[in-house]
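The lines below spell out each chain.
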Amino acid sequence: PVGCNDTFEQSLGPVEKFGDLRFNDIASSESARQKLGAAMESVGRGEALKVSVTHVEMKLKGEGGTLLSGFFDWSVGLVSAALSNILDKSAHYEGGRGLILMGEPCSEQTVRQRAKDSETADFIQNAPIPLQSTDCKGVIQWANLAMLDMMEYTQDEYVGRHCSDFAPDDQKDLMSEMAKAVHCGKKIKEVPVCFYRKNGGIVPLLLDTNVSYSEDGRFHHTRCFFRDDTGRRVREARAEALVDEMDRSLSLLDNFMSNALHFVRTPCNVMTQALDAARGQLDSTNLKAILHVNHSNPVISEAAKAAILESKLMLDVTVGQLSDLTRTLDDVSDLQRFEQGAELRPVINDVELLPLCHSVMAECALRCHEGVECVLDIGGATHASKLKSTR
């Protein structure tokens, strides 16, 4: 420094204390020294006429010579030789061009607010969730470190490009539809998208986004939140594979059950037919023939009659049990079809009541004790009949 005003001396001390130091050397932190030095070099080389550097912590002169610190907003610009001569009368500087730095002290409230803003910016910039913002045309304006790391790009390589530059061809239409939805004020939530990384690989993502509007209601920028969707897609693929394998296993089981039911039902049908044929041999005609042969001996006739009735009863019970087994197999088969998605469609059929009653009486006779008589009356509108079973 070659010259200063009274306010500068009151805050930072006289110019003489700097000696050969550059002005930015009195900044308290290395980052502040670098920012202020870069601004001075930029203006000195003519790259800019004026550069502002805010929130620079400086070492201040306190009471009794103690050192304090304070924050300033500095504006760096070029000055003419005439103004330089007013600030400094040294002969060696006359006619030269110098820099003028104008500093505005920051109030404590401003310092506290900027500290909060800095924490918020650091929170967002270093968040573990990939974030970015785009303008109304879909051009990327900003991306945090997590987004850049995931995409494997630098800030300069990524920011300023259109979102569709990183989307596969089969998702161009999806990007266009989402842009229309966002412009209509709709929120995008958990939409699966894919982006190309710098190395050519594709990363699956879930996108959530909404719009930030300016005070006058105009589209300002989008807020895009991304989550890596690889884990979810892997889990879905595994679940789909498990479902396919389960379906295959159930199909094999269904085929096995169908074959097993067929192998059991067929012998039951054969046995039922054989028993029906045997029972046919014991019908009323055969019974009358046996009784006629033994007419001379009533005891034998009654014994033969009882034996024939007992045999017919056992045949009826056996046929009934085979029928129950067949119906059970049919029920299992129906249940199997229901599990495969078949619909229950009841079909109304006429039932022969008399054979059903015969079956019930045969079951009752089998379960009754000796000397018990079962009688079933079947009443109807036009006729009535009675079934009797004795054991």
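Residues numbered from 1 in each chain as written. Predicted model: local features only at pLDDT ≥ 70, side-chain atom pairs only at ≥ 80, totals over all residues. Heavy atoms only, no water.

Chemist: I'd like a rundown of the overall build of the protein chain, residues and numbers included.
Modeler: Within the protein chain, the secondary structure is distributed over 11 helices and 10 strands. Taken across its 391 residues, the protein chain has 29% of its residues classed as buried. Sequence-distant contacts, at least 24 apart, represent 43% of the contacts inside the protein chain between residues at least 6 apart. With an accessible surface of roughly 26000 Å², the protein chain has 56% of that area assigned to carbon and sulfur atoms. (Helix = DSSP H or I, 4+ residues; strand = E, 2+ residues; numbered from the N terminus. Buried < 20%, exposed > 50% of the residue type's maximum accessible area, 1.4 Å probe, protein only. Contact = heavy atoms within 4.5 Å. Areas by Shrake-Rupley, 256 points an atom, 1.4 Å probe, with all protein chains shown as cover.)

Chemist: Account for the nonpolar core, naming residues and giving values.
Modeler: With 25 residues, the main nonpolar core has M147, M151, Y158 and F195 as its most contacted residues. At the level of elements, β5 (140–143), α5 (145–151), α7 (172–183), β6 (188–196), β7 (202–213) and β8 (219–228) are the ones that each hand at least two residues to this core. Listed in part, the 18 residues of the second largest apolar core include L12, A27, L36 and A48. (Core = buried A, V, L, I, M, F, W, Y, C linked by side-chain atoms within 4.5 Å.)

Chemist: Please set out the pairing of β8 residue by residue, giving values where relevant.
Modeler: Inspection of the sheet shows strand β4 (residues 131–134) paired to β8 by two bridges, in the antiparallel sense. Its bridge partner being in β8, Q132 is matched across the sheet by C224. Where β7 lies against β8, nine bridges are found, and the strand directions are antiparallel. Pairing of T209 across the sheet is with C224, part of β8. Where β7 folds back onto β8 in an antiparallel hairpin, the turn is made up of five residues, including G217, whose phi is positive at roughly 90°. (Pairing = 2+ DSSP bridges.)

Chemist: So what's going on with the pattern of salt bridges? Which residues, and what values?
Modeler: Opposite charge on two side chains allows them to pair when their charged atoms are near. The tally for this structure, following the rule as stated, stands at 15 salt bridges. Note that D73 and R114 form a salt bridge whose closest N and O atoms lie 2.6 Å from each other. Taken together, the positions of D73 in strand β2 (residues 67–79) and R114 in helix α4 (residues 108–125) put the pair 41 residues apart, joining distant regions of the chain. Across the pair D229 and R233 runs a salt bridge, and its minimum N-O distance is 3.0 Å. The class of R233 is partly exposed, set by a relative accessible area of 32%. Several salt bridges share partner residues, and in doing so they unite D229, R232, R233 and E236 into one network. (Salt bridge = Lys/Arg side-chain N within 4 Å of Asp/Glu carboxyl O.)

Chemist: Requested: an account of the sheet that holds β4, with residues and values cited.
Modeler: Ordered in space as β5-β4-β8-β7-β6, the five strands form an open sheet in which the pairing is antiparallel. Two strands lie at the open edges of the sheet, namely β5 and β6, each paired on one side alone. Between one strand axis and the next, the sheet turns by 30° as a mean value, whatever way the strands run. Sitting on the sheet, α7 touches β6, β7 and β8, and the angle it makes with β6 is about 145°. (Axes fitted to C-alpha atoms, helices over the stretch in contact; angles between N-to-C directions.)

Chemist: Tell me about the pairing of β7, and name the residues and values.
Modeler: Most of β7 is tucked away: nine of the 12 residues are buried. Here β6 folds back onto β7 in antiparallel fashion, the turn holding five residues, of which G200 has a positive phi close to 95°.

Chemist: Outline the packing of aromatic side chains, supporting the account with residue identities and numerical values.
Modeler: When we look at a pair of aromatic rings, we describe it by the centre distance and by the angle of the planes. On inspection of all chains with the given rule, the structure shows six aromatic pairs. Each ring, one from F72 and one from W74, has its centre 5.5 Å from the other, and the planes form 25°; the classification is stacked. A relative accessible area of 7% places F72 in the buried class. Ring geometry for Y153 versus F166: centroids 5.3 Å apart, planes at 75°, classification edge-to-face. On the criterion of sequence distance, the pair formed by Y153 in the loop between α5 and α6 (155–158) and F166 in the loop between α6 and α7 is long-range, its members being 13 residues apart. With a relative accessible area of 15%, Y153 lands in the buried category. Within the aromatic cluster, the residues linked to one another by ring pairs are Y153, Y158 and F166. (Phe/Tyr/Trp six-rings, centres within 6.5 Å; stacked < 30°, edge-to-face > 60°.)

Chemist: Describe in detail the side chain of D208, supporting the description with residues and values.
Modeler: Position of D208 among the secondary structure elements: in strand β7. Of the polar contacts made by the side chain of D208, one reaches the backbone nitrogen of E190; its length is 2.5 Å. Of note is the side chain of D208, whose polar atom sits 3.0 Å from the side chain of R227. Sequence-distant contacts of D208, that is, excluding residues within four places in its chain, are made with I188, K189, E190, R223, C224, F225 and R227. (Polar contact = N/O pair within 3.5 Å; in protein donor to acceptor, adjacent residues only side chain to side chain.)

Chemist: Please give an account of helix α2 (residues 30–44) that cites residues and values.
Modeler: Taking 1.5 Å per residue as the helical rise, α2 with its 15 residues ought to reach 21 Å, and the 21 Å between its terminal C-alpha atoms agrees with that figure. Within the span of α2, buried status applies to A32, L36, G37, A39, M40, S42 and V43. (Expected span 1.5 Å × (residues − 1).)

Chemist: Describe the environment of Y158, and please don't skip the residues or the numbers.
Modeler: Looking at the element boundaries, Y158 is found in helix α6. Considering only alpha carbons, one finds Y158 and W142, 16 residues apart in sequence, at a separation of 8.7 Å. The residues contacting Y158, other than those within four sequence positions of it, are Q132, I140, A143, M147, L148, M151, Y153 and F166.

Chemist: Run through the confidence of the model for the protein chain, naming residues and quoting values.
Modeler: Averaged over all residues, the pLDDT of the protein chain is 78; the fraction at 70 or higher stands at 81%. Here residues 89–96 is a poorly scored stretch, pLDDT under 50, and it has 12 contacts once near neighbours within four places are set aside; other chains count. Contacts for the low-pLDDT stretch residues 381–385, under 50 throughout, to residues beyond four places or in other chains number six contacts. (pLDDT = per-residue confidence, 0-100.)

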